[in-house]
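Read off the chains here:
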Amino acid sequence: MRVPLSWLREYVDLPATETGRDVQAKLISAGLEVETVEQLGADLKGPLVVGQVQSIEELEGFKKPIRFCLVDVGTANGTGELQEIVCGARNFAVGDKVVVVLPGAVLPGNFAIAARQTYGKTSHGMICSGDELGMGDDGSGGIIVLPPEIEVGTDAIELLQLVDEVLDIAVTPDRGYALSMRGVAREAAIAYGLPLLDPALLDVPAPNAFGYPVRVSDPMGCDRFTARTVTGLDPETLSPIWLRRRLQKAGMRPISLAVDITNYVMLELGQPLHAYDRTRVQGAIGVRRAEQGEKLTTLDGVTRTLDAEDLVITDDRGPIGLAGVMGGANTEIDDTEGTTTEVVIEAAHFDALSIARTARRHKLASEASKRFERGVDPQAASAAAQRTVDLLVLLAGGTADGGVTEAIAPSAPHSITIPANHPDKVAGVDYGRETVVRRLQQVGCDVYGQDELIVTVPSWRPDLTDPNDLAEEVIRLEGYENLPSTLPKPPAGLGLTGRQRLHRRIGRALAGAGYVEALNYPFIGEHVFDQLGLAADDPKRKVVKLVNPLSDEEPALRTTLLPGLLHALRRNDGRGSHDLALFETGLVFQPQDELRVAGRLPVDRRPTDEEIASLTAALPVQPRHAAVVLAGAREQAGWWGKGRPVDWADAIEAARSLAREAGTELLVRSGQYGPWHPGRCAELAVAVDGQEKVIGYAGELHPGVLKTLGLPARTCAMELDLDALEQASAGLPKGPKISTFPVATQDVALVVDKTVPHVDVEAALREGAGELLESIRLFDVYENSEQLGEGKKSLAYALRFRADDRTLTVDEASAARDVAVALAAERTGAVLRS
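### What about the overall build of the protein chain?
On a plain count of helices and strands, the protein chain comes out with 22 helices and 42 strands. For the protein chain, whose C-alpha radius of gyration is 39 Å, the value lies well above the compact-globule estimate of 28 Å for 834 residues. In terms of overall dimensions, the protein chain has a C-alpha envelope of 120 × 85 × 55 Å along the principal axes. On the protein chain, roughly 41000 Å² of surface is accessible, and the fraction owed to carbon and sulfur atoms is 51%. Here the protein chain holds 86 positive side-chain charges and 119 negative ones, and the gap between their average locations is 5 Å.

Now the structure itself:
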């Protein structure tokens, strides 16, 4: 909301010495986000006057049309003679009143004006457009042509209100009242302790049976509809300068008098209005829900297909406007041909949620919808309609019709019961009852009672719904900066939890292995599950959807880390980084089987353990996952060697490193799941309470997934459940024992069927070797049908044996090896390779 300081002073008698910066500081202290104060005309220097064009000579022989003008500027040039000016614009004629800047002046942007030779003539000044004066778009697209009644020589700086200060306020969703001069003026009046001249305090005639007919079929969507009629408008009348300038300073473009007046009143009172050309409305005006598939062409020229949830304004032909968002083209005020002489003014109050959803559904944000979805004062509708009628009569020569239509759904004012000391408990400050009552009355509340206050909130504050909202009003008006700083006192000696320590160890381990952490937003669109090739009944497709997502394309919380990581990999690969190893650890979100409603926690005391547990039970399940993605080269080529590309084994090794950090054994076997290549996918499992539990997958991604997502060939990935990994661990990993006795190494090569997984062979060898086995490592896989036989492979293992109390003999190490080979042969059919 852009608030011109000169306009604000009409409602609050601010001290003359107060600058925009001073007002900004006061409003920020009161809780409004005043981002900037724009100094209009700060670098503008006259003389800048009104002149009248006396003659125009067309100059020939140039690439573009050039005109040599003689302009009467009165005595502003010191001589009274006609001013010679060269100008390329063509939207003015002889006799027009224009704005002339004379030599010696400085325009915005530090543009100094001086007499200069151009196009074979000497130009003593310049005829100005709105852009050159820093006025913004005035709708004319060229030179400013002033009304004929303005006298020649008038100071144009004062006439066009070029010097002003404009406060730019970022209005938060809960403070819709601040999207109006009335609302900001109320905050300024409270901040300065001055009375407010409320522009909504108008004499409004009572409704009668002679007004324009209105039928409201959905009182829940529209609980108030005021209609007024003005006839006899002069269609040629232009908006006065003061009206156009206030709209421009507030960031709106002047269009036509009737439309400018409705926009002006909206900015003034915060009530959106709409003006219909009465001759183009057929029958009564209605309010109802749209029929599915109905069509409406809005004022922006777009034909829209309506949804059954859309609230629409209708006449006998059907929809003529999207309620609270934008009017229809078939009843718009004609600002091009100037034929509109009768208008019907609509001032209505619509359901905020309905308007917000309609605006989002049609991707049609407007000044009206921005206000309705934040909450508009329903009691201001009649005053806004009356203010619009008064301005149309005053400025356009119209006649107010005696009929007044008001369709109102009965509603009671909202009251809240609050202990008088509740703000004191919330803030930790002793305000006292008198201060609490005074501050609540300043924001418009009616307050009754002593120790227990009954507070009736004003109609313009729909955001005040419970005692904590009222406490916030008291605290912000008393000054957030006056709250004492109190440091919390955490209990000593707790330290990090086991989950936190594991999270940190895993992050360090992956970073040490060459992975770069890439943090991503936890939002996804459900289309990513199709891109990842997940089955229709896959549990990951069950998502938690946000009520108010940041993006309609990503309305759900993630159930897997891969979409974000793969997006980061694709973005970096597209920007020239082809050798990538990224990781992320974070929460995924799984919906509860039973939907529960979370209660509201108190703010004036610490919540009880039962309240916290109830809140936690309503949240989705949030396990912590870890994931990695790899592409390009895993080892760079150079003088030291050829290097090698990433492969499925790197993704599996990343999972093994996480298991080592958790101090548990990871079971790796062939698997098949969603985005992974069916022949290069490992299933990752752990033993929890004596039962195997699958906690993730690793390997090379499916070529179809890579093509769909635009990823590099042979991209690999791994994802596993860290919480499940922690459950399987035996606590903190123990440091290795340091033995002073030497190691005995025995190598074995076993021939098995190709279908036998390495993990089964290794498990049998580990079990058979017994306690003397220190480590086992697969160092070679060999396949040759001529030497080994059809369908066979050779697995070569290095077994390290060591005893804690002695040096092992060759016989002891060989015996342990033989037992291990025998058990592997029994379980897997392995044969010792000669």
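### Overview of the sheet that holds strand 27 (residues 452-456)
Ordered by their spatial adjacency, 3 strands build an open sheet running 25-27-26, and the pairing between neighbours is antiparallel. On the outer flanks of this sheet lie strand 25 (415-419) and strand 26 (446-448), each paired with one strand and no other. Here the average twist between neighbouring strands, direction ignored, is 25 degrees. Bridge analysis of strand 26 against strand 27 gives 3 bridges, and the strand direction is antiparallel. Note that in strand 27 the partner of Val447 across the bridge is Val455. Across the sheet, helix 11 (residues 433-442) touches strand 26 and strand 27, and the angle it forms with strand 27 is around 5 degrees.

### Focus: the sheet that holds strand 15 (residues 222-231)
One open sheet holds the 4 strands; their spatial order is 16-23-15-24, and the pairing between them is antiparallel. Edge strands, defined here as strands with exactly one partner in the open sheet, are strand 16 (274-277) and strand 24 (399-408). Across this sheet, the average inter-strand angle for adjacent strands is 20 degrees, counted without regard to direction. Alignment of strand 15 against strand 23 (residues 343-350), held across 8 bridges, turns out to be antiparallel. Residue pairing in the sheet places Val230 in a bridge with Val343 of strand 23. Contacts from helix 9 (residues 381-396) reach strand 15, strand 23 and strand 24, with the element oriented near 15 degrees to strand 15.

### Observations regarding the pairing of strand 17 (residues 285-289)
Relative to strand 17, strand 14 (residues 214-216) runs parallel, the two being bridged by 3 bridges. Counterpart to Val214 in the pairing with strand 17 is Ile285. In terms of strand pairing, strand 17 meets strand 20 (residues 311-315) through 4 bridges, oriented antiparallel. In the strand pairing of strand 20, Arg288 is matched with Val312.

### A short note on the packing of helix 11 against helix 12 (residues 467-478)
Contact geometry for helix 11 and helix 12: axes closest at 9 Å, N-to-C directions at 95 degrees. In terms of their interaxial angle, helix 11 and helix 12 are classed as roughly perpendicular. Of helix 12, the residues touching helix 11 (which contributes Thr435, Val436, Arg438, Arg439, Leu440 and Gln442) are Leu470, Glu473, Val474, Leu477 and Glu478. By residue class, the composition of the contact of helix 11 with helix 12 is 5 nonpolar, 2 polar and 4 charged.

### Some points on the packing of aromatic side chains
Here the structure, examined in full by the defined rule, presents 9 aromatic pairs. With centroids separated by 5.2 Å and ring planes inclined at 70 degrees, the aromatic side chains of Phe350 and Phe372 adopt a geometry described as edge-to-face. Of this pair, Phe350 sits in strand 23 while Phe372 is found in helix 8 (residues 367-372), placing the two residues 22 residues apart along the sequence. The exposure class of Phe350 is buried, given its relative accessible area of 2%. Residue class for Phe372 comes out buried when judged on its relative accessible area of 3%. Aromatic side chains Trp676 and Tyr697 sit 6.0 Å apart centroid to centroid with 35 degrees between the ring planes, which places their arrangement in the tilted category. Of this pair, Trp676 sits in strand 36 (residues 676-688) while Tyr697 sits in strand 37 (residues 691-701), and the two are 21 residues apart along the sequence.

### Notes on the packing of helix 6 (residues 257-269) against helix 9
As a packed pair, helix 6 and helix 9 sit with axes 10 Å apart at the nearest point and diverge in direction by 140 degrees. Taken together, the axes of helix 6 and helix 9 lie oblique to each other. For helix 6 against helix 9, the interelement crossing comes out right-handed. Of helix 9, the residues touching helix 6 (which contributes Leu257, Ala258, Ile261, Thr262, Tyr264, Val265, Glu268 and Leu269) are Ala383, Ala384, Arg387, Thr388, Leu391, Leu392, Leu395 and Ala396. Along the lines of polarity and charge, the residues of the contact of helix 6 with helix 9 split into 12 nonpolar, 2 polar and 2 charged.

### Re the environment of Pro423
Along the chain, Pro423 falls in helix 10 (residues 422-427). Pro423 sits in the buried class, given a relative accessible area of 0%. Placed 44 residues apart in sequence, Pro423 and Pro467 show a C-alpha to C-alpha distance of 8.5 Å. In this structure Pro423 touches Ile418, Tyr431, Val436, Ala471, Val474 and Ile475, once residues within four positions along its chain are discounted.

### Thoughts on the pattern of salt bridges
Enumeration over the complete set of coordinates arrives at 51 salt bridges. Among the ionic pairs, Arg289 bridges to Asp218, the shortest N-O distance being 2.6 Å. One end of the pair, Arg289, is in strand 17; the other, Asp218, is in the loop between strand 14 and strand 15, and 71 residues separate them in sequence. For Arg371, the salt bridge goes to Glu367, with nearest N and O atoms at 2.8 Å. Highlighted residues: Arg371 and Glu367, both in helix 8, separated by 4 residues, approximately one helical turn. For Arg371, a relative accessible area of 2% translates into the label buried. Judged by its relative accessible area of 31%, Glu367 is partly exposed. Taken together, the shared-partner salt bridges connect Arg175, Glu187, Arg461, Asp463, Glu472, Glu473 and Arg476 into one network.

Basis of the calculations
- Residues numbered from 1 in each chain as written.
- Predicted model: local features only at pLDDT ≥ 70, side-chain atom pairs only at ≥ 80, totals over all residues.
- Heavy atoms only, no water.
- Helix = DSSP H or I, 4+ residues; strand = E, 2+ residues; numbered from the N terminus.
- Rg over C-alpha atoms; globule rule 2.2 N^0.38 Å.
- Areas by Shrake-Rupley, 256 points an atom, 1.4 Å probe, with all protein chains shown as cover.
- Lys, Arg positive; Asp, Glu negative; His and termini not counted.
- Charge placed at Lys NZ, Arg CZ, Asp CG, Glu CD.
- Pairing = 2+ DSSP bridges.
- Axes fitted to C-alpha atoms, helices over the stretch in contact; angles between N-to-C directions.
- Contact = heavy atoms within 4.5 Å.
- Parallel < 35°, antiparallel > 145°, perpendicular 65-115°, else oblique.
- Nonpolar A, V, L, I, M, F, W, Y, C, P; charged D, E, K, R; others polar.
- Phe/Tyr/Trp six-rings, centres within 6.5 Å; stacked < 30°, edge-to-face > 60°.
- Buried < 20%, exposed > 50% of the residue type's maximum accessible area, 1.4 Å probe, protein only.
- Left-handed = near helix turned anticlockwise from the far one by under 90°.
- Salt bridge = Lys/Arg side-chain N within 4 Å of Asp/Glu carboxyl O.

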